[in-house]
Amino acid sequence: MRIGIMLDQPTGPDALLRLTDDLRQAADEGFESAWLAHIFGLDALTAFAVAGSRVPGIELGTGVVPTYPRHPGALAQQARTTALAVGPGRLSLGIGLSHKVVIENMYGYDFDKPARHMKEYLSVLSPLLEGEPASFTGETIRANLALEVPNEGPVPVLLAAMGPAMLKLAGSRTDGTVLWMTGPATIRSHIAPVITEAAAAAGRPAPRVVCTLPVCVTDDVEGARAKAAKAFEVYDSLPSYRAMMDREGAAGPADLAIVGTEDQVAARIHEIIASGATEFVGALFTRDESAARTRKLLAGLAD
């Protein structure tokens, strides 16, 4: 069972040093992968180029880089440079659409027809990440270029996908999907069947399904759920995540947080893997003794 950990986005002038320390701790504890969100703090790829070059071995995943603000040629160049810095086979490029409120209100781009955008985006990004030239003219994206970054192999792409159109695109055009706020019932009945069928129809290998959820090992279940409700309340207002919660029958993010004793949390993670996820990534949200218990359990499951 593949187990990863979501790293915190450190702040302050020593942020890259602290990220490197966190990555080293995750590697030393035996986690198979470490993931970093890309929101408004550190640029995830740049940060991994620095920290990953100093900490060998552990897989590095972005969860996820929004596509709209970057031309796919520019993102491919940065991802391949990061992959060169950390070494072959270590970087997984998680990408996603982000959300209308972010893309339109903050970046000023049109969020119309997001599935079309992503399909066109991959038409340029994918060949460049595989070391091939890209020549494409679409409605929203144009490119005619090749890159000269000397990678030893391709950089795999994971597409954040929840709706049917995006899941089919992920299965047919990428290496899999990275999920957030999506529980086991939804993975079993919706995510895994759609993406797996799309991959098979396209003649691609079985896709990765990376399930990322808040997790906390504790005896104070109600207290931890209250913390989760506060920490992740924003996701209740984002339509794509709200749709996944509705599918799961979850009232809010706190219901999707994996909270309980060691045995209870381990059982939930095993349920997620049995539902069709290929790996689990834990997002810790407490700082007290429960955080140490959570890390110990997750690292133990990775053995």
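The chain appears in an unreviewed UniProt entry as F420-dependent oxidoreductase-like protein from Nocardia pseudobrasiliensis.

Engineer: What exactly am I supposed to notice about the overall build of the chain here?
Structural biologist: Across its full length, the chain holds twelve helices and twelve strands. Since a compact globule built from 303 residues should have a radius of gyration of about 19 Å, the 19 Å found for the chain is in line with a globular shape. With respect to the principal axes defined by its C-alpha atoms, the chain has extents near 55 × 40 × 40 Å. Expressed as a percentage of its 303 residues, the buried residues of the chain come to 52%. The long-range fraction of contacts in the chain, counting pairs at least 24 apart against all pairs at least 6 apart in sequence, stands at 73%. Accessible surface, the chain: about 13,200 Å² in total, of which carbon and sulfur atoms supply 53%. Across the chain, the centroid of the 27 positively charged side chains sits 4 Å from that of the 35 negatively charged ones.

Engineer: What should I look at first to understand unusual backbone geometry in this one?
Structural biologist: Excluding glycine, residues mostly have negative phi values, and the peptide bonds linking residues are mostly trans. Cis geometry marks the peptide bond from glycine 63 to valine 64; its omega dihedral reads -5°. Here valine 64 is to be found in the loop between strand E3 (59–62) and strand E4 (65–66). A positive phi angle, near 70°, is found at serine 98, a position not held by glycine. Take serine 98: it is sitting in the loop between strand E5 (91–96) and helix H4 (100–105). In this structure serine 98 comes out as partly exposed when scored by relative accessible area, which is 24%. Its identity is not glycine, yet methionine 181 carries a phi of approximately 55°, on the positive side. Assignment of secondary structure puts methionine 181 in the loop between strand E9 (176–180) and helix H7 (184–201).

Engineer: Help me understand the UniProt feature "domain: Luciferase-like" (unreviewed entry) in the chain in this model?
Structural biologist: In the numbering used here, UniProt assigns the "domain: Luciferase-like" (unreviewed entry) feature to residues 14–278. A helix fraction of 49% and a strand fraction of 17% characterise residues 14–278, whose end C-alpha atoms lie 34 Å from each other.

Engineer: Explanation requested: the side chain of serine 290 in the structure shown.
Structural biologist: Of note, serine 290 is situated in helix H12 (residues 289–301). Serine 290 gets classed as buried once you look at its relative accessible area, which sits at 5%.

Engineer: Where do I start with a nonpolar patch on the surface in this structure?
Structural biologist: On the surface, Ile39, Phe40, Met106, Tyr107 and Tyr109 cluster together to form a nonpolar patch covering roughly 540 Å² of accessible area. You can see tyrosine 107 is positioned in the loop between H4 and helix H5 (114–129).

Engineer: For this particular structure, what's the right way to read the packing of aromatic side chains?
Structural biologist: By the definition in use, this model includes six aromatic pairs. When the ring of tryptophan 180 is compared with that of phenylalanine 232, the centres are 5.6 Å apart and the planes differ by 70°; the resulting orientation is edge-to-face. Here tryptophan 180, found in strand E9, pairs with phenylalanine 232, found in the loop between helix H8 (221–231) and helix H9 (239–248); they are 52 residues apart in sequence, far enough to count as distant. Using a relative accessible area of 10% as the deciding quantity, one classes phenylalanine 232 as buried. A ring pair is formed by tyrosine 235 and tyrosine 241, whose centres lie 5.3 Å apart and whose planes are at 85°; its orientation type is edge-to-face. Since its relative accessible area comes to 13%, tyrosine 241 is described here as buried. Cluster of aromatic residues (ring-pair linked, three or more members): Trp180, Phe232, Tyr235, Tyr241 and Phe285.

Engineer: Hey, could you run me through the pairing of E3 in this one?
Structural biologist: The two faces of the sheet receive side chains in turn, since in a regular strand these alternate between them. Residues Glu59 and Gly61 of E3 are buried on one face, and the alternating residues Leu60 and Thr62, pointing to the opposite face, are buried as well. Relative to E5, E3 runs parallel, the two being bridged by two bridges. Counterpart to leucine 60 in the pairing with E5 is leucine 91.

Engineer: Any chance you could explain the environment of glutamate 248 here in plain terms?
Structural biologist: Here glutamate 248 shows up in helix H9. Sequence spacing of glutamate 248 and arginine 80 is 168 residues, and the spatial spacing of their C-alpha atoms is 37 Å. Setting aside its immediate chain neighbours within four residues, glutamate 248 contacts Gly183, Pro184, Ala185, Thr186 and Leu256.

Engineer: Help me understand the nonpolar core, please; the structure alone is not making it clear to me.
Structural biologist: In globular proteins that are soluble, nonpolar side chains generally tend to be buried together. Counting residues in each nonpolar core, the largest one holds 98 residues, and the members touching the most others are Leu93, Ile95, Met118, Leu125, Leu159, Ile187 and Phe280. Those residues in contact with methionine 118 that lie beyond four places of it in its chain are Thr67, Ile95, Gly96, Leu97, Leu159, Met166 and Leu169.

Engineer: How should the packing of helix H1 (residues 15–29) against helix H2 (residues 44–54) be read in this particular structure?
Structural biologist: The angle between the axes and the distance between the axes are what describe a pair of packed helices. At a minimum axis separation of 9 Å, H1 and H2 run at an interaxial angle of 50°. It follows from the interaxial angle that H1 and H2 lie oblique. The two elements H1 and H2 cross, and the hand of that crossing is right-handed. Residues Leu16, Leu17, Leu19, Thr20, Leu23 and Arg24 of H1 lie in contact with H2, whose contacting residues are Ala47, Val50, Ala51, Gly52 and Arg54. Residue composition of the contact of H1 with H2, by class: seven nonpolar, two polar and two charged.

Engineer: Explanation requested: helix H6 (residues 164–173) in the structure shown.
Structural biologist: Side chains three or four residues apart in an α-helix point the same way, a direct result of the helix having 3.6 residues per turn. Turning to H6, its buried residues number three or more, namely Met166, Leu167, Leu169, Ala170 and Gly171. Next to the buried residues of H6 lie H5, strand E8 (157–159), E9 and H7.

Rules used in this analysis
Per chain, the residues get numbers from 1 upward, laid out in the order the sequence is written. For a predicted model such as this one, the threshold for reporting local features is a pLDDT of at least 70, and the threshold for listing and counting side-chain atom pairs is 80 or more; totals across whole chains, interfaces and linings nevertheless cover every residue. The side-chain values count all of the structure's non-hydrogen atoms but skip hydrogen atoms and water molecules. Note on conventions: DSSP H or I runs of at least 4 residues are helices, E runs of at least 2 residues are strands, and numbering of each starts at the N terminus. Here the radius of gyration uses the C-alpha set of atoms, whereas the globule reference equals 2.2 Å times the residue count to the power 0.38. Relative accessibility thresholds used throughout: buried, under 20% of the residue-type maximum; exposed, over 50%; partly exposed, between the two (1.4 Å probe, protein chains only). The contact criterion used throughout is that any non-hydrogen atoms of two residues lie within 4.5 Å. For the accessible areas, the method is Shrake-Rupley and the probe is 1.4 Å, while residue cover comes only from the protein chains on display. As used throughout, the charge tally considers Lys and Arg to be positive and Asp and Glu to be negative, leaving His and the chain termini uncounted. Here the site of a charge means atom NZ of a Lys, CZ of an Arg, CG of an Asp or CD of a Glu. UniProt positions are given in the numbering used here, feature names are shortened, and annotations may be inferred rather than shown by experiment. Like-charged residues are merged into a patch within 9 Å and nonpolar side chains (Val, Leu, Ile, Met, Phe, Trp, Tyr) within 5 Å, provided each residue has over 30% relative accessible area and no salt bridge. By convention in these notes, a salt bridge is any Lys or Arg side-chain nitrogen within 4 Å of a carboxyl oxygen on Asp or Glu. Classification of ring pairs rests on two measures: the distance between centres of Phe, Tyr or Trp rings, Trp counted by its six-membered ring, which must be within 6.5 Å, and the angle between planes, read as stacked under 30 degrees, edge-to-face over 60 and tilted in between. In this description, strands pair whenever DSSP reports at least two bridges between them. The criterion is simple. A nonpolar core is a set of buried Ala, Val, Leu, Ile, Met, Phe, Trp, Tyr and Cys residues joined through side-chain atoms within 4.5 Å. Between the N-to-C directions of two axes lies an angle of 0 to 180 degrees, each axis being a line fitted to C-alpha atoms and, for a helix, fitted only over the stretch in contact. Each angle is binned into one of four classes, with values under 35 degrees roughly parallel, values over 145 roughly antiparallel, values of 65 to 115 roughly perpendicular, and all other values oblique. Crossing chirality is assigned from the near helix's rotation relative to the far helix, an anticlockwise turn below a right angle marking it left-handed and a clockwise turn marking it right-handed. For this classification, Asp, Glu, Lys and Arg are treated as charged, while Ala, Val, Leu, Ile, Met, Phe, Trp, Tyr, Cys and Pro are nonpolar and the rest, including Gly, are polar.

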